[in-house]
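Single-letter residue listing:
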Amino acid sequence: MTQEGYEHYPVQYVKTVGPRRAALLQRLGIKTVRDLLYHFPREYQDRTVLKPSHACAAGEQVTLRGRVVAVQELTPRPGLRITKVRLAEQGGYFFALWFNQPYIKKQLSAGTGVLVTGKLERRFGEIQLAVSDYELLEGDEPAGGGGMVPVYPSTEQLSQRLLRSMIRMALDEWAGQIADFLPPSIVKKYSLPELPVALAHIHFPPGEREAVRARKRFIFEELFLLQLALALRRRRISRQIKPHRYRTNLELVDKYLAGLPFTLTSGQQQAWREIMADMDAPSPMNRLLQGDVGSGKTVVSTLALLRAVDNGLQGALMAPTEILAEQHYLTLSGTLAPLGVKVGLFSGGMNKKEREALLSALSAGELPLVVGTHALIQEDVQFKRLAVVVIDEQHRFGVRQRAILQYKGQYPDVLVMTATPIPRTLALTLYGDLEVSTIRELPPGRRPVITRAVPPSHLPAIYRFICREVAAGRQAYVVCPLVEESEKVDLTSTVQLIDELSRGPLARCRLGLLHGRLKQAEKNQVMEDFRRGEIQVLVTTTVVEVGVDVPNATVMVILDADRFGLAQLHQLRGRVGRGAAQAYCILVSDNKSREAQFRLQAMVSTGDGFVLAEKDLQLRGPGEFSGTRQSGLPELKVADLVRDWRALELARQEAVTLVRRDPELTLPEHHLLARELYHRFSAHRGYLAIS
Ligand code: ADP
Ligand code: MG
């Protein structure tokens with residue numbers, strides 16, 4: 001059994017646990033002794049300084065100390081049994097109430113000392129405490145050691161008391177057999193407590209200091225393992241040899257560039273040079289192209305795709321929404337037709353026959369380029385010679401999806417793009433396996449979008465303004481407030497709005513309606529009409545949030561703007577200001593709350609996506625921001641990518657150094673580490689390439 005290790009030992013066999021409690025533990029995701037010991041306290045209750053009951057306020061959550069005077073059993077109604085215990089304390093007494101736990105009575109003989117935790121109420125002239133947790137005292141000391149008592153995330157049927165005793169039992173049985181997997185040099189360098197000590201101290205700290213140190217170790221451990229996995233993945237990719245090679249002459253690329261109505265900005269050129277160098281390397285490209293909305297990432301990625309075509313290879317472009325996929329398809333097929341390059345669109349709206357035709361063209365290698373949503377990563381989509389994969393608006397996809405498309409080809413060159421900048425520490429992890437290119441400037445001649453936040457009373461003036469812009473040949477978006485989840489609300493609010501607008505303030509404009517409930521073909525039609533200027537004002541939901549590029553649109557009105565997050569507002573604003581004409585973004589809201597005002601003012605004050613990302617962080621706090629799960633990486637349990645950025649940087653350095661020294665983790669001193677890594681990321685093996 002010790003051979004197996006505590007990560008496999010079923011928690012059920014820990015003394016006092018058994019099958020019934022094991023089933024309850026399973027609800028908390030606890031199956032093994034390891035899981036149980038890694039179920040860390042949410043907080044600690046300090047029971048060293050206790051107030052008397054009369055000093056506590058009603059409604060307060062408190063821990064009190066008392067000595068049993070009398071026990072009374074009440075049955076106020078069928079199904080409710082109350083054990084009411086009168087407890088003497090210094091200078092008075094109070095009542096502790098246990099609900100439907102009649103067995104409690106046996107433990108509470110007169111004179112017994114107890115600690116009780118719960119909500120204090122003043123009722124009928126009595127001080128009463130509804131007990132949620134308790135502990136018997138031996139002499140004056142709590143049996144459990146007192147001091148800082150751990151409080152765990154738990155479920156209703158599993159009391160704190162029970163969890164505590166099971167964890168204590170598991171620690172007693174196992175602590176002696178748990179070896180630290182962190183390399184001793186690292187443990188020493190950062191003076192981390194060793195694993196068995198850290199486990200003991202995070203659950204039952206002798207004092208505050210030990211609790212903090214134990215937690216610090218687990219934070220480091222978590223970040224280190226994640227960075228190690230990422231470093232191994234980077235290394236693995238860098239050692240793959242791709243089967244395709246590119247010639248150095250760039251016939252199609254040059255023709256395409258010559259046909260563009262503009263020249264590349266220096267940021268675009270720099271990014272393209274970096275991409276070319278990656279493509280020329282024997283190992284696959286794995287690069288992130290970062291650049292604010294409107295910086296012209298699409299053109300750069302098109303160059304990479306064309307280079308594949310130039311060499312008789314295939315390229316794929318994946319976008320997060322059908323609308324964006326369709327737009328890319330139209331742009332690409334439009335600009336590439338003169339070059340004789342065929343482009344396919346893989347859309348959810350295809351019928352069976354179209355789909356099959358496309359599939360066979362791809363697998364036969366007859367179709368050099370294809371655009372699509374995540375439909376592109378379905379199993380039956382096969383390529384003959386996939387060499388370049390571009391993923392647009394990468395933040396909308398998880399890392400897993402990225403990995404799947406990567407495996408479709410034989411080590412294709414992968415370029416992912418994003419306009420949603422994230423703070424550096426997040427990028428280190430979420431994009432930890434990628435090289436990064438950044439386009440810092442916008443194409444010349446762009447004027448910053450003039451942004452205003454106004455109350456709804458300004459709407460008539462706003463609509464008059466839209467009419468003037470339309471009369472001058474421009475176009476506008478009016479974005480409705482809605483929550484993506486409730487498509488019904490979605491529908492009625494947009495339909496109602498367009499109805500009002502067409503009868504009143506925008507009667508002289510040609511309006512179009514776009515929302516999530518439309519069929520794909522209908523959406524495409526609406527977008528095309530908007531692109532051609534047939535529709536002058538597009539009343540829409542956030543389906544246009546990312547990527548949509550209609551340079552003639554100059555006005556973006558966002559209704560109930562306070563309902564959107566900063567990143568979303570910035571993306572929406574990015575739909576205008578894509579041409580040379582002055583553009584406007586009008587945020588309409590009557591929400592006076594501080595948070596809403598902060599967000600709206602942030603939008604007004606800057607057009608820089610990076611600045612907004614930092615403000616967003618400031619606003620939302622680290623917790624919400626740093627969810628790794630959404631991105632497909634393992635969820636962090638104790639560490640926080642933002643709060644713990646210092647530890648993250650150190651962990652990353654250590655991981656990189658270690659992988660350089662022992663790339664396969666084969667040194668004897670890394671044996672336990674390799675095992676731990678494998679165990680921790682078993683569910684993410686495919687992406688992190690851990691074996
Ligand atoms: P994003 O980086 O947000 O994806 P796009 O690639 O959609 O931006 O480009 C935004 C607009 O800018 C497009 O209409 C594109 O044709 C245009 N554009 C791209 N590069 C340049 C450039 N160097 N000069 C002028 N316009 C450009
Ligand atoms: Mg884009």
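Residues numbered from 1 in each chain as written. Chains lettered and ligands numbered in written order. Predicted model: local features only at pLDDT ≥ 70, side-chain atom pairs only at ≥ 80, totals over all residues. Heavy atoms only, no water.

Things to note about the packing of helix H6 (residues 195–203) against helix H7 (residues 208–239)
Condition: Orientation is described by axes fitted as lines to C-alpha atoms, over the contacting stretch for helices, and by angles from 0 to 180 degrees between their N-to-C directions. Helix numbering and strand numbering both begin at the N terminus, where a helix is a DSSP run of H or I of at least 4 residues and a strand a DSSP run of E of at least 2. An angle counts as roughly parallel when it lies under 35 degrees, as roughly antiparallel when it exceeds 145, as roughly perpendicular when it falls between 65 and 115, and as oblique in every other case. Crossing handedness: left-handed means the near helix sits turned counterclockwise from the far one by under a right angle, and right-handed means the same turn made clockwise. Contacts are assigned to residue pairs that have any heavy atoms within 4.5 Å of one another. By the convention adopted, Pro, Cys, Tyr, Trp, Phe, Met, Ile, Leu, Val and Ala count as nonpolar, Lys, Arg, Asp and Glu as charged, and the other residues, Gly among them, as polar.
The contact between H6 and H7 brings their axes to 8 Å, and the two run at 125°. As the angle between them shows, H6 and H7 are arranged oblique. The handedness of the crossing between H6 and H7 comes out as left-handed. Contacts between H6 and H7 involve Leu195, Ala198, Leu199, His201 and Ile202 from the former and Glu210, Ala211, Ala214, Arg215, Arg217, Phe218 and Glu221 from the latter. Here the contact of H6 with H7 is composed, by residue class, of 7 nonpolar, 1 polar and 4 charged.

Section: the environment of Asn351
The condition that has to hold: The buried label applies to any residue whose accessible area, calculated with a 1.4 Å probe on protein chains only, is under 20% of its type's maximum; exposed applies above 50%, and partly exposed to all values in between. Whenever two N or O atoms come within 3.5 Å, that pair is a polar contact, provided that in protein one can donate a hydrogen and the other can accept it, and provided that, for residues adjacent in sequence, both atoms are side-chain atoms.
With respect to the element layout, Asn351 can be found in the loop between strand E11 (343–346) and helix H12 (352–364). A relative accessible area of 40% means that Asn351 is categorised as partly exposed. A distance of 3.0 Å separates the side chain of Asn351 from the backbone nitrogen of Lys353, its partner in a polar contact. Within the local environment of Asn351, its side chain forms a polar contact with the backbone nitrogen of Glu354, the two atoms lying 2.8 Å apart.

As for the packing of aromatic side chains
The condition is simple: Side-chain rings of Phe, Tyr and Trp, where Trp is taken by its six-membered ring, are said to pair if the distance between their centres is within 6.5 Å; with planes under 30 degrees apart they count as stacked, over 60 as edge-to-face, and otherwise as tilted. A ring is considered to have a charge above it if a Lys NZ or an Arg CZ atom is located within 6 Å of its centre and within 35 degrees of its normal.
With the rule as written, the count across this model stands at 11 aromatic pairs. Considering the side-chain rings of Tyr9 and Tyr13, the 6.2 Å spacing of their centres and the 65° angle between planes classify their relative orientation as edge-to-face. Residue classification places Tyr9 among the buried residues on the basis of a relative accessible area of 16%. When its relative accessible area of 51% is taken as the criterion, Tyr13 is described as exposed. With a centroid separation of 5.9 Å and an interplanar angle of 10°, the aromatic rings of Phe220 and Phe224 are classed as stacked. Taken together, the positions of Phe220 and Phe224, both in helix H7 and 4 residues apart, correspond to about one turn of that helix. Taken together, the ring pairs in this structure connect Tyr9, Tyr13 and Trp174 into an aromatic cluster. Taking NZ or CZ as reference, Arg34 lies 4.6 Å from the ring centre of Tyr38, over its face. A cation sits over an aromatic face here: Arg168 above Phe204, 3.8 Å from the ring centre.

As for the site of ligand 1
Note the following rule: Here a residue is considered near a molecule or strand provided that any single heavy atom belonging to it is located within 4 Å of it. Residue exposure ignores everything except the shown protein chains as possible cover, and the areas themselves are Shrake-Rupley values with a 1.4 Å probe. Residue ranges assigned to each domain were obtained from an automatic or database domain assignment.
Close to ligand 1 lie 17 residues, the nearest being Gly294, Lys297, Thr298, Arg446 and Asp549. Within the contact set of ligand 1, a nitrogen atom lies 2.9 Å away from a backbone nitrogen or oxygen of Thr263. For ligand 1, the accessible surface in isolation is 570 Å², of which the surrounding protein chains cover 86%. In the shell around ligand 1, the residues fall into 5 nonpolar, 7 polar and 5 charged. Both domains that meet at the shell around ligand 1, namely domain 2 (251–439) and domain 3 (450–613), each give it at least three residues.

Concerning the pairing of strand E17 (residues 475–479)
To be explicit about the condition: Strands are labelled as partners when DSSP assigns at least two bridges between them.
Judged by how many residues are buried, E17 sits mostly within the fold: 5 of 5 residues are covered. Burial along E17 is two-sided: Gln475, Tyr477 and Val479 and Ala476 and Val478, pointing in opposite directions, are all buried. Looking at chain direction, E17 and strand E20 (residues 553–558) are connected through 5 bridges and run parallel. By the bridge assignment for E20, Tyr477 is matched with Met556.

Quick notes on the sheet that holds strand E18 (residues 511–514)
Strand order in this open sheet of 6 strands is E16-E21-E20-E17-E19-E18, and the pairing throughout is parallel. Edge positions in the sheet fall to strand E16 (450–454) and E18, since each has one partner strand and no second. Recorded for the sheet is a direction-independent mean angle of 15° between the axes of neighbouring strands. Against the sheet, helix H17 (residues 520–531) touches E17, E18, strand E19 (537–540) and E20, its axis set at about 145° to E18.

Looking at the side chain of Thr373
By the secondary structure assignment, Thr373 is in the loop between strand E12 (369–372) and strand E13 (386–391). Those residues in contact with Thr373 that lie beyond four places of it in its chain are Met318, Ala319, Thr321, Glu322, Ala325 and Phe346.

A look at unusual backbone geometry
One non-glycine residue with positive phi stands out, namely Ser191, at about 35°. Summarising the element assignment, Ser191 is placed in the loop between helix H5 (184–189) and H6. Given the relative accessible area of 46%, Ser191 is considered partly exposed.

Topic: the environment of Ser154
For Ser154, the position within the fold is in the loop between strand E8 (148–151) and helix H4 (160–174). In the structure, Ser154 is positioned 130 residues away from Leu24 in sequence and 9.7 Å away in space, judged by C-alpha atoms. Contact partners of Ser154, with chain neighbours within four places excluded, come to Leu28, Gln160 and Leu163. At a separation of 2.7 Å, a polar atom in the side chain of Ser154 contacts the main-chain carbonyl oxygen of Leu158.

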